[in-house]
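Overview (structure and organization)
Each chain, letter by letter, is given below.
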Amino acid sequence: MKKILCVGHSACDITYLMNEYPIENRKYKVDETKMMGGGPTGNASYLLGKYGEETSYITTLGTDPYGKNIVWELESVGIDLRNSLIRNEYITPCSMIITNTSIGSRTILNHRSKNIIPSDYRLEYQEKPKFILFDGHEIELARMVLQEFPSAMTVLDAGSYKEETVELASKVEYLICSEDFARDYTKVEKITPENYHEVFSQMEELNGKNVVITLGEKGCIYRKNGELYNHPAFQTKAIDTTGAGDIFHGAFVYALSNNFDFIEAIKFSSVCASLSVEKIGGRDSIPELNDIYKRMEKWESIDFKI
């Protein structure tokens, strides 16, 4: 294993770029299409490799053209895939993404088959990872990794609500959850400043350690010294939000690995995600490190006490 281990979902992302959202039962000519690897920890691991981190990735992939392209992309940035399950009988998941470039929104249709983990599967490693990022998918592999490396610093990208994600949320050191996950878990109709304290407290009860709730253009909320704060999002013109959450989580792990404190890690991740939404695609939108530091220097963000 390398210094950082990512465990979770990979997919081939096929993006259709439009300047509006399609209406049912019509035909449209799209402006452009892009195809690249995706998936929450897939994108995060790619970011970590691009930024020079020693990174290993455990996922399941087929040997079909989609799978082969994903392997090539990840290995091009030095990702160690020796523990990934890449098999002829597996089907590589595929996502169709409709990006509305006029407002930066994206709609994702994902297809994935259940790739069964062999009962005799065993991890092969030389060096134990210091940090592990999960995304709530590939739960059998996640459970195995948690048992194998109990001393590693663990982070969960809790994007969508599932029982498996809730299970992991209670076991990791850092729970970074989306607005959707927090809303579905707490069963509130909508997350607003009026219920921030209520929602956040329930997420803390689930995790018991460190919680961040990401709120898109409203930034994120976290607790420091017993007080709840809202870290604002950098105000920019979004043209494609595909992969922004994945990039936030990958950047957060990068920050932890490079000894950023909790608040600095949040700011670094927020800036990284803000740069990504200014470009098209998931992995193609991962910014350069120099651009992140330049924006951090110029942006005097003020975190508001809630």
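Just above, that's the structure.
Structure report, in brief.

What counts, and at which threshold
- Residues numbered from 1 in each chain as written.
- Predicted model: local features only at pLDDT ≥ 70, side-chain atom pairs only at ≥ 80, totals over all residues.
- Heavy atoms only, no water.
- Pairing = 2+ DSSP bridges.
- Helix = DSSP H or I, 4+ residues; strand = E, 2+ residues; numbered from the N terminus.
- Contact = heavy atoms within 4.5 Å.
- Axes fitted to C-alpha atoms, helices over the stretch in contact; angles between N-to-C directions.
- Phe/Tyr/Trp six-rings, centres within 6.5 Å; stacked < 30°, edge-to-face > 60°.
- Buried < 20%, exposed > 50% of the residue type's maximum accessible area, 1.4 Å probe, protein only.
- Core = buried A, V, L, I, M, F, W, Y, C linked by side-chain atoms within 4.5 Å.
- Expected span 1.5 Å × (residues − 1).
- Arc of directions from axis to C-beta.

Points about the sheet that holds strand β1 (residues 4–7)
In spatial order, the strands read β4-β1-β9-β10-β11-β12-β13-β14-β15; together these nine strands make up an open sheet with mixed pairing. For this open sheet the edge positions go to β4 (55–58) and β15 (304–305), each flanked by a neighbour on one side alone. Bridge count for strand β13 (residues 220–224) against strand β14 (residues 227–231) is five bridges, and the pairing is antiparallel. When the sheet's bridge partners are listed, I221 is paired in β14 with N230. Sheet strands in contact with helix α8 (residues 262–276) are β11 (174–178), β12 (210–214), β13 and β14, and its direction is about 170 degrees off that of β13.

A few points about the sheet that holds strand β2 (residues 11–18)
With mixed pairing, the four strands of this open sheet are ordered in space as β3-β2-β7-β8. Across the chains shown, the open sheet's two edge strands, defined by having one partner strand only, are β3 (32–38) and β8 (105–111). Sheet twist, expressed as the mean angle between neighbouring strand axes with direction ignored, is 20 degrees. Looking at chain direction, β2 and β3 are connected through seven bridges and run antiparallel. Considered in β3, the bridge of Y16 is made with T33.

Observations regarding the packing of aromatic side chains
Considering all chains together, one arrives at 14 aromatic pairs under this definition. Relative to Y254, the ring of Y51 has its centre 5.5 Å away and its plane inclined at 75 degrees; by these criteria the two rings are edge-to-face. Of this pair, Y51 sits in the loop between α1 (40–50) and β4 while Y254 sits in helix α7 (residues 244–257); the two residues are 203 residues apart in sequence, bridging distant segments of the chain. Assigned by exposure class, Y51 and Y254 land together as buried. A centroid spacing of 5.2 Å and a plane angle of 75 degrees characterise the contact between Y125 and F149, whose relative ring orientation is edge-to-face. One end of the pair, Y125, is in the loop between β8 and β9 (131–134); the other, F149, is in the loop between α3 (139–148) and β10 (153–158), with 24 residues separating them in the sequence. We classify Y125 as partly exposed; its relative accessible area is 31%. Grouping aromatic residues by their ring pairs yields a cluster made of Y51, Y254, F260, F268 and Y293.

Some details on the side chain of T59
Structurally, T59 can be placed in the loop between β4 and β5 (60–62). Of the residues examined, T59 reaches a relative accessible area of 0% and is grouped as buried. Among all residues touching T59, those that are not within four sequence positions of it are G8, H9, S10, S84 and L85.

Examining the nonpolar core
Across soluble globular proteins, nonpolar side chains show a tendency to be buried alongside one another. Of all hydrophobic cores here, the largest spans 48 residues; its most connected members are Y51, V155, F252, F268 and I292. Judged by nonpolar contacts, the second largest core, of 39 residues, contains L85, L123, V199 and V211.

Considering helix α6 (residues 196–207)
The end-to-end C-alpha distance of α6, which contains 12 residues, comes to 16 Å, matching closely the 16 Å that a straight helix rising 1.5 Å per residue would cover. Every buried residue of α6 is listed here: Y196, V199, F200, M203, L206 and N207. Around the axis of α6, the buried residues are gathered within 115 degrees of arc, so they sit on the same side. Among the structural elements, α4 (163–169), β11, α5 (179–186), β12, β13 and β14 are those in contact with the buried residues of α6. Looking at the residues trailing α6, positive phi occurs at G208, about 80 degrees.

Side note on the pairing of β2
Most of β2 sits out of view: seven of its eight residues are buried. Here β2 runs beside strand β7 (residues 94–100); their pairing, made up of seven bridges, is parallel. For M18, the partnering residue across the bridge sits in β7 and is N100.

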